[in-house]
Amino acid sequence: NELIFRDVFRCVPDDTIENFDQYKKFIPGHEVPYGHALPSRSTAETLEILKGVRGHLVPIPLNFLKNENLGAKLGDKEILVPVEVFT
């Protein structure tokens, strides 16, 4: 199910995206509204692929952007706030 949704919708966050370069290659760009299917297929082809979905889809992307430093940088005003505020 997750592979089908990844192929059709390119949902983010995704476990296969570990840095911003992969993120830029993964997202379809501004021509596709968020949550819509990619325009490279017809509606009939997309519906045929989605027939393969069985059961539930509950992805837990634990590796999303794991190779990026997402913390506050020196000079950011967030660095002045105690860490406990963010937990």
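Since the structure is predicted, the reported quantities are computational estimates derived from the model, not experimental observations.

*Asks:* Which residues make up the packing of helix H1 (residues 2–9) against helix H3 (residues 43–50), and what values do they have?
*Replies:* The description of two packed helices rests on the angle between their axes and on the distance between the axes. Two elements in contact, H1 and H3, have axes whose closest approach is 10 Å; the angle formed by their N-to-C orientations is 165°. As judged from the angle between their axes, H1 and H3 are roughly antiparallel. Read as a crossing pair, H1 and H3 show a hand that is left-handed. Together, Ile-4, Asp-7, Val-8 and Phe-9 of H1 and Thr-46, Ile-49 and Leu-50 of H3 make up the contact between the two elements.

*Asks:* Pulling in residues and values, what's your account of the pattern of salt bridges?
*Replies:* Taken as a whole and judged by the stated rule, the model has five salt bridges. A salt bridge links Asp-14 to Arg-6; its shortest N-O distance comes to 2.8 Å. A relative accessible area of 6% means that Asp-14 is categorised as buried. With its nearest N and O atoms 3.6 Å apart, the salt bridge here joins Lys-51 to Glu-48.

*Asks:* Could you give me a rundown of the side chain of Thr-46, with the residues and numbers involved?
*Replies:* Following the sequence through the fold, Thr-46 ends up in helix H3. Note on Thr-46: relative accessible area 9%, which makes it buried. Discounting chain neighbours no more than four positions away, the residues touching Thr-46 are Val-8, Ala-37 and Arg-41.

*Asks:* Help me get a handle on the packing of aromatic side chains, residues and values and all.
*Replies:* Summed over all chains, the structure comprises one aromatic pair. Each ring, one from Phe-5 and one from Phe-9, has its centre 5.3 Å from the other, and the planes form 40°; the classification is tilted. Within this pair, Phe-5 and its partner Phe-9 are both found in helix H1, separated by four residues, close to a single helical turn.

*Asks:* Give me a nonpolar patch on the surface: which residues, what numbers.
*Replies:* On the surface, a nonpolar cluster with roughly 370 Å² of combined accessible area is contributed by Val-58, Ile-60 and Leu-62. With respect to the secondary-structure elements, Leu-62 resides in the segment after H3. The class of Leu-62 is exposed, set by a relative accessible area of 70%.

*Asks:* How would you summarise the side chain of Asn-19 if you had to cite specific residues and measurements?
*Replies:* Its place among the elements puts Asn-19 in the loop between H1 and helix H2 (20–26). Once residues within four sequence positions are removed from consideration, Asn-19 is found in contact with Leu-65 and Glu-68.

Calculation notes
Residues numbered from 1 in each chain as written. Predicted model: local features only at pLDDT ≥ 70, side-chain atom pairs only at ≥ 80, totals over all residues. Heavy atoms only, no water. Axes fitted to C-alpha atoms, helices over the stretch in contact; angles between N-to-C directions. Helix = DSSP H or I, 4+ residues; strand = E, 2+ residues; numbered from the N terminus. Parallel < 35°, antiparallel > 145°, perpendicular 65-115°, else oblique. Left-handed = near helix turned anticlockwise from the far one by under 90°. Contact = heavy atoms within 4.5 Å. Salt bridge = Lys/Arg side-chain N within 4 Å of Asp/Glu carboxyl O. Buried < 20%, exposed > 50% of the residue type's maximum accessible area, 1.4 Å probe, protein only. Phe/Tyr/Trp six-rings, centres within 6.5 Å; stacked < 30°, edge-to-face > 60°. Patch = residues over 30% accessible without salt bridge, like charges linked within 9 Å, V, L, I, M, F, W, Y side chains within 5 Å. Areas by Shrake-Rupley, 256 points an atom, 1.4 Å probe, with all protein chains shown as cover.

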